[in-house]
Amino acid sequence: MNQELRAKLENHVSSYKDITNQLSTSEVYSDRSLMKTLNQKLTKLEPSVKLFQKYLNIEKSIIDTKELLEDEDKEMRAIAQEELKNHEQLLKEIENKIIEATVEKDPNDSRDIYMEIRAGTGGEEAAIFAGDLYKMYSKFSEKNKWDIEIINSNISDHGGFKEIIFKIIGSNVYSNLKFESGTHRVQRVPNTETQGRVHTSASTVAVLPIVEQVDDIDINPADLRIDTYRASGAGGQHVNKTDSAVRVTHIPTGIVSECQDDRSQHKNKAKAMEYLHSRLLSAEQEKQKRDTDASRKKQVGSGDRSERIRTYNFPQGRVTDHRINLTLYKLEQLIEGDIEPLIEALTEESRK
């Protein structure tokens, strides 16, 4: 256990003892409001304090067991060696539980998300790769029994996406996909390449938690410009003959939200407004993060779209996440939606 975590736990133990002592005094007993506050603090501290006590007990057992390794009896040394192995395994398990108990939870973890995928450098190959990323996240969502709702898309000539924005609805979606924001790079031989040369292209991914409009952010109607236009499909063909598509522009920030997925203008406007709320909240959270939490970028990355977070190398069948220096030779499985190994590794690094 690192010293910073140990010091934090020792402070928890000290606070726990102080609060317990306060709760036994007549002054606190006669003040119901104070008693409630102290009991809430006690309840919050209790899991980590109890786990730390277990941790200390096992540490002591390890010290005692190590002394038995010096015993002259060969059989006793063998027993001690086995016990030591079990104690060390248990110590690691409890440390992981302590980290779970002490880490501050992201308030957005339980939220649904909007995901934006945009083709970057590389022209048509980047658009095809954007389609591959959409397939990867769609398959992962299907495995988790999450629902996907497309908000807006711009299909490329060769079947990928110049841009696609969609909503993912389910259990703890943001906690699973929040580390996917950034630039995803692909290295492979395009179908149009006649000489077999490997090309490098990129697409960007952004993950936005869906917010409750009333609770999280207010929008002044005077700050909005709302335009309607005719929804269109690939190649400019009209999907319908009415102006059902909606574009909402937030004038102070210049943020634009569009939706043409539904034939109803009213429904498209509602979806565009919900998406705009999430965009505005995300922009505000990014500003706060830049101002107050520069250290997080060193841990897992800022989520900024200009940051290259991952490379998908098709000739070698490997995927490398550059933030945690993790390389997996499972590219085919990952593209088919088996991205749990990446998510688990990123989540664990974030906890650390």
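Figured I'd write up the structure that's included with this text. Everything quoted here is computed from the prediction, not taken from an experiment. (Residues numbered from 1 in each chain as written. Predicted model: local features only at pLDDT ≥ 70, side-chain atom pairs only at ≥ 80, totals over all residues. Heavy atoms only, no water.)

## As for a nonpolar patch on the surface
Next up, step 1: Taken together, the side chains of Leu68, Met76 and Ile79 make up a nonpolar region of the molecular surface, amounting to roughly 220 Å² of accessible area.
Next up, step 2: Mapped onto the secondary structure, Leu68 falls in helix H3 (residues 32-68).
Next up, step 3: By relative accessible area, Leu68 is classed as partly exposed at 32%. (Patch = residues over 30% accessible without salt bridge, like charges linked within 9 Å, V, L, I, M, F, W, Y side chains within 5 Å. Areas by Shrake-Rupley, 256 points an atom, 1.4 Å probe, with all protein chains shown as cover. Salt bridge = Lys/Arg side-chain N within 4 Å of Asp/Glu carboxyl O. Helix = DSSP H or I, 4+ residues; strand = E, 2+ residues; numbered from the N terminus. Buried < 20%, exposed > 50% of the residue type's maximum accessible area, 1.4 Å probe, protein only.)

## Let's talk about the side chain of Arg111
Next up, step 1: Here Arg111 lies in the loop between helix H4 (74-102) and strand S1 (113-119).
Next up, step 2: Owing to a relative accessible area of 18%, Arg111 belongs among the buried residues under this scheme.
Next up, step 3: Here the side chain of Arg111 touches Ile210 through a polar contact of 3.2 Å, landing on its backbone oxygen. (Polar contact = N/O pair within 3.5 Å; in protein donor to acceptor, adjacent residues only side chain to side chain.)

## Some points on the pattern of salt bridges
Next up, step 1: Summed over all chains, the structure comprises 21 salt bridges.
Next up, step 2: The closest approach of N and O atoms between Glu116 and Arg118, which form a salt bridge, is 2.6 Å. The two residues Glu116 and Arg118 agree in class, both being buried.
Next up, step 3: Measuring nitrogen to oxygen at the nearest pair gives 2.4 Å for the salt bridge that ties Arg188 to Glu125. In this pair, Arg188 sits in strand S4 (residues 182-188) while Glu125 sits in helix H5 (residues 123-143), placing the two residues 63 residues apart along the sequence.
Next up, step 4: Residue classification places Arg188 among the buried positions, given a relative accessible area of 12%.
Next up, step 5: On the basis of relative accessibility, which here comes to 11%, the residue Glu125 falls in the buried class.
Next up, step 6: When salt bridges with common partners are traced through the structure, they connect Glu116, Arg118, Glu163 and Arg279 into a single cluster.

## Structural notes on the environment of Ser171
Next up, step 1: Inspection of the secondary structure assignment puts Ser171 in the loop between strand S3 (161-169) and helix H6 (173-177).
Next up, step 2: Given a relative accessible area of 51%, Ser171 falls into the exposed group.
Next up, step 3: Placed 27 residues apart in sequence, Ser171 and Asn144 show a C-alpha to C-alpha distance of 8.3 Å.
Next up, step 4: Other than its neighbours up to four places away in sequence, Ser171 contacts Trp146 and Asn176. (Contact = heavy atoms within 4.5 Å.)

## Side note on unusual backbone geometry
Across the chain, the bulk of peptide bonds are trans and the bulk of non-glycine residues have phi less than zero.
Next up, step 1: Unlike most non-glycine residues, Lys145 shows phi in positive territory, near 60 degrees.
Next up, step 2: Within the secondary structure, Lys145 sits in the loop between H5 and strand S2 (147-155).
Next up, step 3: Using a relative accessible area of 74% as the deciding quantity, one classes Lys145 as exposed.
Next up, step 4: The phi angle at Asn172 is positive, at roughly 55 degrees, despite the residue not being glycine.

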